[in-house]
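# Results of the structural survey
The lines below spell out each chain.
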Amino acid sequence: MSYLLPHLHSGYAVDQSILSEEDRVVIIRFGHDWEPNCMQMDEVLAGVSDQIKNFACIYLVDITEVPDFNTMYELYDPCTIMFFFRNKHIMIDLGTGNNNKINWPMTDKQEFIDIVETIYRGARKGRGLVVSPKDYSTKYRY
């Protein structure tokens, strides 16, 4: 499904995509198109892109083609989602201890939309850290 979403092929393109958006959240998926976790996440991203287009835009970045951000954002996982608003990295407390990114594939589209809406509302109020509507710590997984 990654062919349905725009790809960024250089560090400059990534920077410009983050800088150019004034009123929308920039969602960037770092990973590889051929990786199974990324394929699963790309399916969710492609499925929700129309529903969130008014307040968020989605880009894909191949971490081998554009290695510029690998150490800066600690992109060691196969698939990583990060959020930016008005040239600022927005952190989200998901209950996992890592507030910088989502580093697992999400399967529920509505869950992802809820997270993006929460980030958008918090970022518009000037918050750099927002709390997820759902707790993803392992103690609540059944």
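The text that follows walks through the structure, step by step, so that each part is easy to find. Every chain is numbered on its own, with residues counted from 1 as its sequence reads. Predicted model: local features are reported for residues with pLDDT of at least 70 only, side-chain atom pairs are reported and counted for 80 or more only, and whole-chain, interface and lining totals are derived from all residues. Note that water and hydrogens are dropped before the side-chain values are worked out from all heavy atoms of the structure.

## Observations concerning the packing of aromatic side chains
- Note on aromatic pairs: the rings of Phe, Tyr and Trp (six-membered ring only in Trp) are paired at centre separations within 6.5 Å, and the planes decide the class, stacked below 30 degrees, edge-to-face beyond 60, tilted for the rest. In the structure shown here, the tally under the stated rule is eight aromatic pairs.
- Where Phe55 meets Tyr120, the ring centres are 5.4 Å apart and the plane angle is 40 degrees; that geometry is what we call tilted. Placement of the pair is Phe55 in the loop between helix H2 (36-48) and strand E3 (56-62) and Tyr120 in helix H3 (residues 109-124), with a sequence separation of 65 residues. You'll find Phe55 and Tyr120 in the same group, each marked buried.
- A centroid spacing of 5.9 Å and a plane angle of 10 degrees characterise the contact between Phe69 and Tyr73, whose relative ring orientation is stacked. For the pair formed by Phe69 and Tyr73, the shared burial category is buried.
- Here a set of aromatic residues connected by ring pairs shows up, and it is made of Phe30, Phe69, Tyr73 and Phe84. Each helix corresponds to a stretch of at least 4 residues labelled H or I by DSSP, and each strand to a stretch of at least 2 residues labelled E; elements are numbered beginning at the N terminus. Summary of the burial criterion: residues with accessible area below 20% of their type's maximum are buried, those above 50% are exposed, and those between are partly exposed, where the area comes from a 1.4 Å probe applied to protein chains only.

## Some points on the sheet that holds strand E6 (residues 129-131)
- Here a strand pair is declared whenever DSSP counts at least two bridges between the two strands. One open sheet holds the six strands; their spatial order is E1-E3-E2-E4-E5-E6, and the pairing between them is mixed. Because the sheet does not close on itself, it has two edges, and the strands there are strand E1 (7-8) and E6.
- With three bridges connecting them, strand E5 (residues 88-93) and E6 associate as parallel partners. Residue pairing for E6: Met91 is matched across the bridge by Leu129.
- Residue contacts are counted whenever heavy atoms from the two residues lie within 4.5 Å of one another. Only C-alpha atoms enter the line fits that serve as axes; for helices the fit covers just the stretch in contact. Angles between N-to-C directions range over 0 to 180 degrees. Contacting E1, strand E2 (25-31), E3 and strand E4 (79-85), helix H1 (residues 11-20) runs over the sheet at an angle of about 155 degrees to E2.

## Considering the nonpolar core
- Of all hydrophobic cores here, the largest spans 33 residues; its most connected members are Ile27, Leu45, Ile52, Phe83, Phe112 and Ile115.
- Looking at this core, the elements with two or more residues in it are E2, H2, E3, E4, E5 and H3.
- It is H3 that provides the largest number of residues to this core, a total of seven residues.
- Ignoring any residue separated from it by four or fewer positions in sequence, one finds Ile52 in contact with Ile27, Ile58, Ile113 and Val116.
- Here, nonpolar core refers to any group of buried Ala, Val, Leu, Ile, Met, Phe, Trp, Tyr and Cys residues whose side-chain atoms link them within 4.5 Å. The next biggest cluster of nonpolar side chains, apart from the first, holds 16 residues, and it includes Phe30, Cys57, Tyr59 and Tyr73.

## Brief notes about unusual backbone geometry
- One non-glycine residue, Glu74, lies in the positive phi region at around 50 degrees.
- Its location among the elements puts Glu74 in the loop between E3 and E4.
- One non-glycine residue with positive phi stands out, namely Asn87, at about 65 degrees.
- In this fold, Asn87 is placed in the loop between E4 and E5.

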